[in-house]
Amino acid sequence: MANAPVDPARYARHLALPEIGIEGQQKLAASSVLIIGAGGLGSPAGLYLAAAGVGRIGLLDHDRIEISNLQRQVMFDTRQIGQGKAETARARLSALNPDVEVIAHAEKLVASNAERLFSPYDLIIDGTDRLATRYLINDACVLLGKPLVSAAIHRFEGQAMTCLPGRSPCYRCLYPESPEDLIPSCATAGVLGVLPGVMGALQATEAIKLLVGIGEPLAGRLLTYDALNLTFGEFRFERRRDCAVCGEHPTITSLAHHEEKPLSRIAEWTPRQLAEELKKEGGEERLMLVDVREPWEWAEGRLPGSVHMPLATLPQRMAEIPSDVTPVFICAVGGRSMAACRLFTAARAQDAVNLAGGVVGWSNEFGAPPKPDHDHDHDHGHAH
Ligand SMILES: [Zn+2]
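Residues numbered from 1 in each chain as written. Predicted model: local features only at pLDDT ≥ 70, side-chain atom pairs only at ≥ 80, totals over all residues. Heavy atoms only, no water.

Asks: Whenever I open this one, the coordination of the zinc ion confuses me. Can you help?
Replies: Each donor-metal-donor angle would ideally measure 109.5 degrees in four-coordinate tetrahedral geometry, or 90 or 180 degrees in six-coordinate octahedral geometry. Within the protein, the atoms that donate to the zinc ion are C170 (SG), C173 (SG), C243 (SG) and C246 (SG), at distances of 2.3 Å. Every donor counted, the four donor atoms about the zinc ion form angles of 94 to 120° at the centre, which fits tetrahedral coordination. Sequence positions of the residues that donate to the zinc ion give the spacing C-x2-C-x69-C-x2-C. Overall, the relative accessible area of 0% leaves C170 in the buried class. (Donors = N, O, S within 2.8 Å, 3.2 Å for Na, K, Ca; no water. Tetrahedral: all angles 85-135°; square planar, octahedral: opposite > 155°, others 65-115°. Buried < 20%, exposed > 50% of the residue type's maximum accessible area, 1.4 Å probe, protein only.)

Asks: I'm lost on unusual backbone geometry in this one. Help?
Replies: Excluding glycine, most residues fall at negative phi; most peptide bonds, likewise, are trans. With phi around 55°, R155 is a residue other than glycine that occupies positive phi space. Secondary-structure assignment places R155 in the loop between β5 (148-154) and β6 (157-163). Looking at R155, the relative accessible area reads 44%, which means it is partly exposed. At L230, a position not held by glycine, the phi torsion is positive, near 50°. Looking at the secondary structure, you find L230 in the loop between β7 (221-226) and β8 (231-236). For L230, a relative accessible area of 56% corresponds to the exposed category. (Helix = DSSP H or I, 4+ residues; strand = E, 2+ residues; numbered from the N terminus.)

Asks: How should I be thinking about empty space enclosed by the protein in this particular structure?
Replies: Sizing a probe to match a water molecule and rolling it over the atoms shows the empty space that remains. Throughout the structure, instances matching the rule amount to one cavity of 30 Å³ or more. When its volume is computed, the largest cavity comes out at roughly 40 Å³. Lining the largest cavity are R134, S150, A151, A152, Q159, A160, M161, Y171 and L222. If you list the elements that add at least two residues to the lining of the largest cavity, you get β5 and β6. Its residues assigned to classes, the lining of the largest cavity comprises six nonpolar, two polar and one charged. (1 Å grid on protein atoms, 1.4 Å probe; cavity = no way out; pocket = protein on both sides within 12 Å on 5 of 7 lines; lining within 4 Å. Points joined across faces, edges and corners; volume = space filled by probe spheres on them. Nonpolar A, V, L, I, M, F, W, Y, C, P; charged D, E, K, R; others polar.)

Asks: What's the story with the pairing of strand β10 (residues 287-291) in this structure? I'm lost.
Replies: If a strand is regular, its side chains alternate between the two faces of the sheet. The buried fraction of β10 is high, at five of five residues. Here β10 shows two buried faces, one formed by L287, L289 and D291 and the other by M288 and V290. In the sheet, β10 pairs with strand β12 (residues 326-330) via five bridges, with the strands oriented parallel. Bridge pairing in β12 links L287 to T326. Bridge count between β10 and strand β11 (residues 307-308): two bridges; the pairing is parallel. Directly across from V290, in β11, lies its bridge partner V307. (Pairing = 2+ DSSP bridges.)

Asks: What should I look at first to understand the sheet that holds strand β2 (residues 56-60) in this one?
Replies: Across the sheet, eight strands lie side by side as β3-β2-β1-β4-β5-β6-β7-β8; this open sheet has mixed pairing. The open sheet terminates on both sides in strands that have one partner only, identified here as β3 (101-105) and β8. Ignoring which end each strand starts from, the neighbouring axes of this sheet average 15° apart. Bridge count between strand β4 (residues 123-126) and β5: three bridges; the pairing is parallel. By the bridge assignment, D126 is partnered in β5 with S150. With respect to the sheet, helix α3 (residues 42-52) is in contact with β1 (32-36), β2 and β4, its orientation differing from that of β1 by roughly 165°. Packing against the sheet, helix α9 (residues 195-212) makes contact with β1, β4, β5, β6, β7 and β8, and its axis sits at approximately 170° to β5. (Axes fitted to C-alpha atoms, helices over the stretch in contact; angles between N-to-C directions. Contact = heavy atoms within 4.5 Å.)

Below is the structure:
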């Protein structure tokens, strides 16, 4: 590939630059870039890298095109709403430059597929909008030794930086912690549509320079762009000796810590299934019946052995559910209890069961459940 043929007409303006010329253009043709996120940043980055004649471009995105994307994701048009981004972008870049091999990766980047996805590429462009993914990409690039050009956008402000593993600081050197909850994504904060156009074009610029081997990379420098004041700033930073991934004694030596915890499952049981499970050996110890209805509903009757945690109190009282039981959430007909299952499984690495049909379903099967204890005592009093 070192002497890949170069179309002199298509690349005439590059060939006229002594810094690029035929040699630089051949280097571009022999190189490959993976663009993570075919969105606001990935659109200009992808278009310019394809136009520049980068030999192979991968587009990693598992989303579909929505109308609200078109304000900034200029690879797509209105007729393509609903189509997959990776494949649609692949077709667009191939049409722009048939010399380029464009590969659509319509999958979600996770710790377990990062190495497989990154390995075939020379350089990685981070155009994602989620911080957790940003750290995963940084760590994968450092561990695999892949140059990384990342950018971030927020309202009217952009940031960009390049990480050259082994030679420059990484994203974690700059931001050691992951303040995921502090920074809203594009969806909630809003973003000037042209802002990712500027930042994505800067990413393409960095990629071309690195692949050709010219200029000064944006390594150890955080470039900031303020669109409202139209100012660029630069913040220089050093490699941290205690960086968790690129420092002297790294604690991150694999991507294992990025692996999502095993998803807890939600099962749905009919009243009859629940009755059978409770009858099994140890069933009553293994299961915890949690009634999430309102107090007045609870007073009308509840399943024997159940405890009462109205749905609104569940987040505070969840700790009362031991880690070695499976909660069976119960409401009137099964709707609120499903919400409780979702709350619980999102917070805990534990399975949960939803009683389908709720107390009403149980009553239809086995008759109305008894009222709370004091009523029994009262009844007993009468009996004696
Ligand atoms: Zn670092």
